[in-house]
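# Breakdown of the fold
Residues per chain are reported as follows:
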Amino acid sequence: MNKYLVIFVFVFITCNNGAKSGIIPQFKFTNPESDKISTYYIYDYVSENDLITFSQKENHNIGKTSIHYFFSHNANIPSIDLRQAETITEIKQILKGYSHSLKYVFFKKHDGEEYFEDCLSNPSDSLCLSH
């Protein structure tokens, strides 16, 4: 078998990982208090219901907060800057610079109450990092 074909297949499978669902994990952070923040790239064909279902299935610690930011699949969020951040506040500040590519936010409060915001339709919502 041609070695270039093997390399192509490997790269295709690796890069396409997550494309079936259209939700591609980009970054996850858990602070010492077990609050979580995650960023994802999503394709245009992913519905709001898909995102809500996906977010509800993600691991959430009772009494803690979880935030999922869903960015356009062609956004270019700086992973290195995010990995160097030490707090959720720092991460939000970094992400604020990319709010133009933010499509949706799923927020689960410590009491289990959930919010889902369409940032394309309502970019001024406080969950959408526009402030």
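Preceding this paragraph is the structure being described.
What comes next is a walk through the structure. All values derive from a computational prediction rather than experimental measurement. (Residues numbered from 1 in each chain as written. Predicted model: local features only at pLDDT ≥ 70, side-chain atom pairs only at ≥ 80, totals over all residues. Heavy atoms only, no water.)

## Digging into the overall build of the protein chain
Cut-off, in case you're wondering: Secondary structure follows DSSP: runs of H or I at least 4 residues long count as helices, runs of E at least 2 residues long count as strands, and numbering of each begins at the N terminus. Partly exposed residues are those whose accessible area sits between 20% and 50% of the maximum for their type, while under 20% is buried and over 50% is exposed, using a 1.4 Å probe and protein chains only. We call two residues in contact when some of their heavy atoms are within 4.5 Å. Each accessible area is a Shrake-Rupley estimate made with a 1.4 Å probe; only the visible protein chains count as cover when residues are assessed.
A count of helical and extended segments in the protein chain gives four helices and five strands. Going residue by residue from the N terminus, the α and β elements of the protein chain occur as α-β-β-α-β-α-α-β-β. In the protein chain, buried positions account for 39% of the 131 residues. Residue pairs in contact within the protein chain that sit at least 24 positions apart in sequence constitute 59% of those at least 6 positions apart. Accessible surface computed for the protein chain: about 8,100 Å², of which carbon and sulfur atoms make up 54%.

## As for the state of the cysteines
Our working rule: Note on terminology: pairs of cysteine sulfur atoms within 2.5 Å are recorded as disulfides.
All chains considered together, the criterion is met by one disulfide. Each sulfur of the disulfide joining Cys-119 and Cys-128 lies 2.1 Å from the other. Here the disulfide of Cys-119 and Cys-128 is left-handed, its torsion about the S-S bond being about -85°.

## Focus: helix H4 (residues 88-96)
The criterion, for reference: By arc we mean the arc of the directions from the helix axis to the C-beta atoms, nothing more.
Those residues of H4 that sit buried are Ile-88, Ile-91 and Leu-95. Axial view of H4: buried residues confined to an arc of 60°, hence all on one face. The exposed residues of H4 that point more than 90 degrees off its buried face are Thr-89 and Gln-93. Considering only its buried residues, H4 is in contact with strand E1 (23-30), strand E2 (36-42), strand E3 (66-72) and helix H3 (79-84).

## A closer look at empty space enclosed by the protein
The cut-off we apply is this: Grid spacing is 1 Å over the protein atoms alone, the probe is 1.4 Å, and a cavity is where that probe fits but cannot get out, while a pocket is an open set with protein on both sides within 12 Å along at least five of seven lines and lining residues have an atom within 4 Å of a point. Grid points are joined across faces, edges and corners, and a volume is the space filled by probe spheres set on the points. Under the grouping applied here, Gly and all other residues not named as nonpolar or charged are polar, the nonpolar ones being Ala, Val, Leu, Ile, Met, Phe, Trp, Tyr, Cys and Pro and the charged ones Asp, Glu, Lys and Arg.
Applying the stated criterion to the full structure yields one cavity of 30 Å³ or more. The space that makes up the largest cavity amounts to roughly 40 Å³. Contributing to the lining of the largest cavity are Ser-55, Gln-56, Glu-58, Asn-59, His-60, Ser-66, His-68, Phe-106 and Lys-108. Sorting the residues of the lining of the largest cavity by element identifies helix H2 (48-57), E3 and strand E4 (102-108) as the ones contributing at least two each. Among the residues forming the lining of the largest cavity, the class breakdown is one nonpolar, six polar and two charged.

## Some points on the nonpolar core
Where we set the bar: The criterion is simple. A nonpolar core is a set of buried Ala, Val, Leu, Ile, Met, Phe, Trp, Tyr and Cys residues joined through side-chain atoms within 4.5 Å.
The biggest cluster of nonpolar side chains holds 22 residues, and the ones touching the most others in it are Tyr-69, Phe-71, Ile-91, Leu-95 and Leu-102. Among the elements of the structure, E1, E2, E3, H4 and E4 are those that each provide at least two residues to this core. For Phe-71, the residues in contact, after removing those within four places along its chain, are Thr-39, Tyr-40, Tyr-41, Ile-42, Ile-77, Leu-95, Tyr-98, Ser-101, Leu-102 and Lys-103.

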